[in-house]
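# Secondary and tertiary structure notes
Spelled out from the first residue to the last, the chains are:
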Amino acid sequence: MKVSLRRAFAAAAGLLCVVGLMPAAVARADNPIVQTIYTADPAPLVYNGRVYLYTGHDEDNSTYFTMREWRVWSSADMVNWTDHGSPMNLSTFSWASSDAWAGQTVYRNGKFYWYVPVRMANGSNAIGVGVSDSPTGPFRDAIGRPLVQGSEIDPTVFIDDDGQAWLYYGNPNLWYVKLNADMISLNGSPAKIPLTTAGFGTRTGNTSRPTLFEEGPWVYKRNGLYYNVFAAKCCSEYIAYSTATSPTGPWTFRGTVMPTQGSSFTNHPGVIDFNGGSYFFYHNGALPGGGGYTRSVAVEKFSYNADGTIPTITMSTTGAPQVGTLNPYVRQEAETIAWESGVETEPASEGGMNVGFIENGDNIKVKGVAFGNGATSFSARVASATSGGRIELHLDGVNGTLVGTCTVAGTGGWQNWATVTCPVTGATGTHDLYFKYTGGSGNLFNVNWWQFTGTGGSDPGGSGNLLTNGDIESGTSGWSVFGAGSLASSSVAHGGSQSLLLSGRTAAWNGPAQTVTSKLTNGKSYTTSAWVRSQSGTPSAKVTLAVTANGTTNYVALTPAATVNTGGWTQLTGTATVSWSGTLTGATMYVETAAGTDGLYVDDASMQ
């Protein structure tokens, strides 16, 4: 992607200069929401206060739907999206051979189920199911064989109010079937939905396809009404929808959601409600080099009409507005991006992803960063196999006000990580933050994470990290043991030079802990992050809050569970609302496992 997309951006910038526009106008757009690779077939999922976006990946220079893996992104504010890499690909399914096409992920029973269509070695289509304990994976084949064999494409799943899960899919037909409560077996046989013109509109010029339904159904329920949003007509496609009072119909055609637009001849819908707003995801060919086989996911915010109908939605380059702001005083992943130019991402040896392949002039925008009373310093986790370069910190434009410059030296390898720190002046209030990378020729350095320190310490204004010594650079200060075990500092670090190690656990619920009783607000949502690895084994870990009020203790899952291992760091992250009745007398955040007593390392923890 680096070569083709970098050259495409350069060509696009040159064209903008020819027609008299400034290239910076490209960088101010926020749609498409991913620019590092081509993405398609968006499937959003709201979980624990974040939107997780599951997509396909169009390979560079494709002349067909060449897709070998699926990708995951997430956001708490709809504009800054974190790249979680590829937790599932064709090799996940030993029986699959090609076509990692449009799927959808749903959450149930403490697990995440990803339904995807693939092509088998015998040439037939099938639907497989990946499963994970975490929304960001890794996913494994849930059943070791197809869920539906000889199927059509584009599965969508929703769980009705009565707990019944339904699977829909199809092109050229539209099928449905009940899923059992285990989500990996069928309750009955697939049945066809009658494609009538009353139900799905009238197509002209194609006697074999008399209705508008083409593919890509997205089924959900709102205020007692079932919606089926789908790709209509071909080609080029647009997005239409139908409604019904039953999950099996009969359906009534309601009209157009998004007219034919953009430079992709396909489109694919995804609809969610998040934080009081409604959002419509789609794809187009808007990135340089984009088209029908090199697509990009975008999003728009919308409001339903008073009668529940969906308004006509138009593609834009501005995208959805930001929900809230981004806190720079807690550790942020470098691959959390609103807009970028030139960079790519890759798996990091310290866990998660890092920004890499950085060359002179490349830049990243992070939108709506709330500096409050002011930042005084900036730190970044970096690695370089060359002589490094510089990170320039600009406000409100790639050449905007310069508030700091960090020099990055060579570290002896692209995954040999070191932390650099530099002073910051003039960063107050809320601004878009631009990281501008400068240096010599070729690749300069990689960046794993970044964090600012403010005028009031690491948490100016009390709006950031509730945890003391969250970066664990002051040994065990501020930390204790929930239950039994021996707590010590360790040089096995995710960031900086130290982490916590809890050994000698005698129960799964024993873990490194902090008391946050005096820091909580009743009814407030908190976002928690912690990097964890095991001393032995591969336990499933999560962060929990024990809340005691009026003599009763309740347990709040601050993050979903994820498998941790000895070979690298895993980020546990989530958002949860904390509330209680009566007088709060105790609140302890701690890391635990689902089973076992393996020793745990914890680093770079925050609760905000």
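Cut-off values and rules
- Residues numbered from 1 in each chain as written.
- Predicted model: local features only at pLDDT ≥ 70, side-chain atom pairs only at ≥ 80, totals over all residues.
- Heavy atoms only, no water.
- Phe/Tyr/Trp six-rings, centres within 6.5 Å; stacked < 30°, edge-to-face > 60°.
- Lys NZ or Arg CZ within 6 Å of the ring centre and 35° of its normal.
- Pairing = 2+ DSSP bridges.
- Helix = DSSP H or I, 4+ residues; strand = E, 2+ residues; numbered from the N terminus.
- Axes fitted to C-alpha atoms, helices over the stretch in contact; angles between N-to-C directions.
- Disulfide = S-S within 2.5 Å.
- Buried < 20%, exposed > 50% of the residue type's maximum accessible area, 1.4 Å probe, protein only.

### Examining the packing of aromatic side chains
- Throughout the structure, instances matching the rule amount to 39 aromatic pairs.
- Three or more aromatic residues link up through ring pairs in this structure, and these residues are Tyr54, Trp70, Phe93, Trp95, Trp114 and Phe139.
- Note that arginine 222 overlies the ring of tyrosine 304, its terminal NZ or CZ placed 3.7 Å from the centroid.
- Taking NZ or CZ as reference, arginine 331 lies 3.5 Å from the ring centre of tryptophan 449, over its face.

### A word on the sheet that holds strand β14 (residues 175-179)
- Reading across the sheet, the 4 strands line up as β12-β13-β14-β15 and stay open at both edges, with antiparallel pairing between neighbours. Either end of the sheet is taken by a strand with one partner, and the two such strands are β12 (156-159) and β15 (186-192). In this sheet, neighbouring strand axes are inclined to one another by 20° on average, regardless of whether the strands run parallel or antiparallel.
- Note: strand β13 (residues 165-169) against β14, 5 bridges, orientation antiparallel. Bridge pairing links tyrosine 168 to tyrosine 176 in β14.

### Structural notes on the sheet that holds strand β37 (residues 499-503)
- As summarised here, the arrangement of the 5 strands in space is β36-β37-β45-β39-β43, forming an open sheet in which the pairing is antiparallel. Of all the strands in the sheet, the pair left with one neighbour each is β36 (486-490) and β43 (570-578). Strand-to-strand twist of the sheet, defined as the mean angle between neighbouring strand axes without regard to direction, takes the value 30°.
- Of the pairings in the sheet, the one linking β36 to β37 comprises 5 bridges and is antiparallel in character. Residue pairing for β37: serine 486 is matched across the bridge by serine 503.

### Here's the deal with the state of the cysteines
- According to the stated counting rule, one finds 2 disulfides in the structure shown.
- Bridging cysteine 406 to cysteine 422, the disulfide has an S-S length of 2.2 Å. Negative torsions about the S-S bond denote left-handed disulfides, and the value of about -105° found for cysteine 406 with cysteine 422 makes this one left-handed. You can see cysteine 406 sitting in strand β31 (residues 401-408) and its partner cysteine 422 sitting in strand β32 (residues 413-423), a full 16 residues away along the chain.
- Judged by its relative accessible area of 5%, cysteine 422 falls in the buried class.

### Some thoughts on unusual backbone geometry
- Following asparagine 171, the chain continues to proline 172 via a peptide bond in cis, the omega torsion being 15°.
- Of note, proline 172 is situated in the loop between β13 and β14.
- The omega torsion across cysteine 234 and cysteine 235 is 0°, close enough to zero to call that bond cis.
- Note that cysteine 235 resides in the loop between β17 (225-232) and β18 (238-244).

Read these as geometric descriptors, not functional statements.
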